[in-house]
Amino acid sequence: MNYSLALKDELIDNAPRAQCCRRAYADGLLYDVRELRENCLVLVLSGAAARRECAKAFREQYHRTALLNNSILLFPSEQLYEDYKKPPKLVCQHCAGHFLRGLIISCGSATDPTKAYHLEFRLSNPEKVPFLADFFEKQGWHAGCRTLKGGGLGIYFKNSVIMEEILTMTGSNKALFDLMNAKIEREIRNSENRVTNCETSNIARAVDASARIRDAITFLMATDRLAALSGELRETANLRMEHPTASMKELAHLHNPPITKSGLNHRLQKILAAGEAARREQNEEA
């Protein structure tokens, strides 16, 4: 089962008990109904579990039976026809969470957090967008908005922190833990990638520096200028050519007596400078 369907099933399994919260929950489930004709509203849902939950909420709140035609629910009710024009009733401190719970079930969609952070509410009725946008703003959640193919609007979040707050507010504990685990795994991968990239960059710089040193030594040897260097620089140059793959630490210990990495680096820089100076002299003579 995909993440979005699992989330909806979890929300359905934990329906509210308090009367005001059940009303808020029903308002969320039936939030995106559209007017088909007077006293008759319609709601299009692709998920069978969501359709059953909406039909159940309608029956409990309005004591009528919804009519089902494939993925379409028809609600013949004068009272619902009047109520859908009004904003949802959020009475107690828990009502907002249960309204949001119903909203996710009926028109919400969540992407698997191992792939991306995306929670979206798809509304076919544009008249319902202002209240929902204001509801989210009051929670401190700044949503994006896009036009959907075939009509309607999508109100979405790509911020994982906001998604965590929404899942917490709706009591979606399993979906919340899945999101948090996905975040931890992504952070670990990103950290490992940064370390790997840093190490790769360091290795590339070290290889480039080693190649430049060996090239300078080769040029000094070929032009009989190596002998003009001091004894300690000649020792370092010969050891570098004899042990081209040795690390700085290994190369420093090969000296007699051993020297420090700092001292080795100082000598190598002198050799490199001598090689560059010899090249410039040869170019000027040419």
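Placed above this text is the structure.
Residues numbered from 1 in each chain as written. Predicted model: local features only at pLDDT ≥ 70, side-chain atom pairs only at ≥ 80, totals over all residues. Heavy atoms only, no water.

1. As for the environment of L268
With respect to the helices and strands, the residue L268 is situated in helix α11 (residues 261-285). Note: C-alpha distance between L268 and A216 (52 residues apart in sequence) is 9.9 Å. (Helix = DSSP H or I, 4+ residues; strand = E, 2+ residues; numbered from the N terminus.)

2. A short note on α11
A rise of 1.5 Å per residue sets the reference length of α11, with its 25 residues, at 36 Å; its end C-alpha atoms lie 36 Å apart and thus fit the reference within 8%. Restricting attention to buried positions, one finds in α11 the residues L264, R267, L268, I271, L272, G275 and A278. (Expected span 1.5 Å × (residues − 1). Buried < 20%, exposed > 50% of the residue type's maximum accessible area, 1.4 Å probe, protein only.)

3. A closer look at the side chain of E53
Along the polypeptide, E53 turns up in helix α3 (residues 48-62). K56 provides the closest opposite charge to the buried, unpaired E53, separated from it by 4.7 Å. (Lys, Arg positive; Asp, Glu negative; His and termini not counted. Salt bridge = Lys/Arg side-chain N within 4 Å of Asp/Glu carboxyl O.)

4. Here we look at the sheet that holds strand β2 (residues 40-44)
With respect to topology, 4 strands assemble into an open sheet ordered β1-β2-β4-β3, the strand pairing being antiparallel. Either end of the sheet is taken by a strand with one partner, and the two such strands are β1 (34-37) and β3 (67-69). Going across the sheet, the axis of each strand differs from the next one's by a mean of 30 degrees, ignoring polarity. Relative to strand β4 (residues 72-76), β2 is paired through 5 bridges, and the arrangement is antiparallel. Paired with C40 across the two strands is P76, which belongs to β4. Strand contacts of α3: β2, β3 and β4, with the helix running at about 5 degrees to β4, the strand carrying the most contacts. (Pairing = 2+ DSSP bridges. Axes fitted to C-alpha atoms, helices over the stretch in contact; angles between N-to-C directions. Contact = heavy atoms within 4.5 Å.)

5. Quick notes on a negative patch on the surface
Residues E35, E38, E78, E82 and E127 make up a contiguous surface patch of negative charge. By secondary structure assignment, the location of E35 is in strand β1. By relative accessible area, which is 42% here, E35 ends up partly exposed. (Patch = residues over 30% accessible without salt bridge, like charges linked within 9 Å, V, L, I, M, F, W, Y side chains within 5 Å. Areas by Shrake-Rupley, 256 points an atom, 1.4 Å probe, with all protein chains shown as cover. Charge placed at Lys NZ, Arg CZ, Asp CG, Glu CD.)

6. Some points on the nonpolar core
Core analysis: the largest hydrophobic core is formed by 54 residues, its most contacted members being L30, F75, L100, L103, F121, L132 and F136. A per-element tally of this core places helix α5 (residues 95-107) first, with 8 residues. With residues near it in sequence (within four places) discarded, L103 still touches G28, L29, Y31, G108, F121, L132 and F136. Counting residues in hydrophobic clusters, the runner-up holds 18 residues, among them A216, F219, L229 and A278. (Core = buried A, V, L, I, M, F, W, Y, C linked by side-chain atoms within 4.5 Å.)

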